[in-house]
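These are the residues of each chain, in order.
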Amino acid sequence: MLIAADKFKGSLTAVEVAGHVTAGLRRVVPGLTVSAVPVADGGDGTTQAAVAAGFAPQRVQVTGPTGVPVTAAFALRGDGTAVVEMAEASGLQHLPKGVFAPLTATTYGTGELLLAALDAGATSIVFGVGGSATTDGGAGMLAALGARFLDADGEPVAPGGGPLRDLATADLSGLDPRLAKTAIVLASDVDNPLTGPKGAPAVYGPQKGASEEDVATLDAALAHYAEVLARAVGPEAAEHALAPGAGAAGGIGFGALVGLDAAFRPGIDVMLDVLGFAPALAQATFVITGEGSLDAQTLHGKAPAGVAAAARAAGLDVVAVCGRLQLPQETLAAAGIRRAYALTDLEPDPARCMAEAGPLLERAAERLARDFLV
């Protein structure tokens, strides 16, 4: 049995999910051989998944999205591969509870986290983006890495996406020279462009507290930012603004494409490679995947869809565990998932499901084992 599940957000880490599923399975089939590859798709939880796969955690103090120092972690492997998760430095979890900063939240700390990875000897970086509190197009990140963004008076523009409307000149010549020698992969499940009706402000700004007026301000500011960068580095900047992934994590994808020469890949594909999923799959006869909510978003590059696609290609059966299930059976089947076991089938109260996720997941795994293993 191979368990390759993502976290149940707000209740269980991916490692904990694997542990509870294993416990439930073995109550029904004692001595069952189980291996686990906790997975992530580039969003929050990616660093934890890398550490579970044998990477060493590295902690550093960086600038949080509102300017308050926070402790962030990245993961490093002996071959020089680092996994850097932008949410560790610039994620929503670092905002004061219930207080958003849609116009002023900065990715500066993410740039500091990338610098820390370089200082630790990273020569290849998987840059997972998602769960951000920011919509600054990665300007803060690039500033931390040595870029300069100045207003008409030659002063640095203030942090955040809103102040980019005052940007007059951009200079990327001061970016850390080690970046040019570092292979950086932008890992994301988001393929939005930077601006427009499907861009970062319009689609994701409201989740970060942006009003309709804020969205319009941010969209115009990021469009202006892209124009200034095009004058600074050439027309490829305008092309990058339209590229899939540019709108990821408040536009940090755009900053990574332009300033870091990053290559965009679907986050789950990258992470399955990095986490050693293929060798584990080769030893498996049955696969269990899952995440907190199996819904329409799952089908768009989330971890269970990636795991199911790989397992199906290998000719293996896949079932899923989840907190709640919002997909009909025929949709699950089309994604390569034979059946899903939801905690809400055992406990309909969502609050209790969250609070008692571990024991409920073990009960769900017992059901799974009786259905498929005995």
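Residues numbered from 1 in each chain as written. Predicted model: local features only at pLDDT ≥ 70, side-chain atom pairs only at ≥ 80, totals over all residues. Heavy atoms only, no water.

On to the pattern of salt bridges, then. With the rule as written, the count across this model stands at 16 salt bridges. The residue lysine 302 makes a salt bridge to aspartate 41 at a minimum N-O spacing of 3.9 Å. One end of the pair, lysine 302, is in the loop between strand 11 (286–294) and helix 12 (303–313); the other, aspartate 41, is in the loop between strand 2 (35–36) and helix 2 (46–52), with 261 residues separating them in the sequence. The class of aspartate 41 is buried, set by a relative accessible area of 6%. As a salt-bridge pair, aspartate 79 and arginine 77 come within 3.1 Å of each other at their nearest N and O atoms. Judged by relative accessible area, aspartate 79 falls into the partly exposed class, the value being 49%. (Salt bridge = Lys/Arg side-chain N within 4 Å of Asp/Glu carboxyl O. Helix = DSSP H or I, 4+ residues; strand = E, 2+ residues; numbered from the N terminus. Buried < 20%, exposed > 50% of the residue type's maximum accessible area, 1.4 Å probe, protein only.)

What follows deals with the state of the cysteines. Tallying each qualifying case throughout the model produces zero disulfides. For cysteine 322, which is in no disulfide, the shortest distance to another cysteine sulfur is to cysteine 353 and amounts to 9.7 Å. For cysteine 322, a relative accessible area of 0% corresponds to the buried category. Cysteine 353 sits in the buried class, given a relative accessible area of 7%. (Disulfide = S-S within 2.5 Å.)

Further remarks concern the packing of aromatic side chains. The full count for this structure, using the stated rule, is three aromatic pairs. Judged by centre distance (5.6 Å) and plane angle (75°), the ring pair of tyrosine 225 and phenylalanine 254 falls under edge-to-face. Highlighted residues: tyrosine 225 in helix 7 (residues 212–233) and phenylalanine 254 in helix 9 (residues 248–259), separated in sequence by 29 residues. On the basis of relative accessible area, phenylalanine 254 is assigned to the buried category, the value being 0%. On the numbers, 5.5 Å between centres and 50° between planes, the contact of phenylalanine 286 with phenylalanine 372 is tilted. (Phe/Tyr/Trp six-rings, centres within 6.5 Å; stacked < 30°, edge-to-face > 60°.)

So, on to the sheet that holds strand 4 (residues 69–76). Taken in spatial order, the six strands of this open sheet run 3-4-5-6-9-10, and their pairing is mixed. Only two strands of the sheet have a single partner each, and these edge strands are strand 3 (56–63) and strand 10 (263–266). Direction aside, the axes of adjacent strands within the sheet are offset by 30° on average. Two strands pair when backbone bridges link them, and strand 4 and strand 5 (residues 81–85) are joined in this way by two bridges, in the antiparallel orientation. Considered in strand 5, the bridge of leucine 76 is made with alanine 82. Its contacts with the sheet put helix 4 (residues 108–119) on strand 3, strand 4, strand 5 and strand 6 (124–128), and the angle it makes with strand 3 is roughly 140°. The sheet strands contacting helix 9 are strand 6, strand 9 (183–188) and strand 10, and the helix crosses strand 9 at an angle near 155°. (Pairing = 2+ DSSP bridges. Axes fitted to C-alpha atoms, helices over the stretch in contact; angles between N-to-C directions. Contact = heavy atoms within 4.5 Å.)

So, on to the sheet that holds strand 12 (residues 317–325). The strand order 2-1-11-12-13 describes an open sheet built from five strands, whose pairing is parallel. What marks the edges here is a single partner per strand, and that holds for strand 2 and strand 13 (339–342). Of the pairings in the sheet, the one linking strand 12 to strand 13 comprises four bridges and is parallel in character. Paired with valine 321 across the strands is tyrosine 341, a residue of strand 13. Strands in contact with helix 1 (residues 14–28) are strand 1 (2–5), strand 2, strand 11 and strand 12; relative to strand 1, the strand with the most contacts, it is inclined by about 145°. Sheet contacts for helix 12: strand 1, strand 11 and strand 12; angle to strand 11, the most-contacted strand, approximately 160°.

Now for the environment of glycine 24. Within the secondary structure, glycine 24 is located in helix 1. Taking the C-alpha atoms as reference points, glycine 24 and glycine 137, separated by 113 residues in sequence, lie 44 Å from one another. If we skip the residues at most four places from it in the chain, glycine 24 touches Glu362, Ala365 and Glu366.

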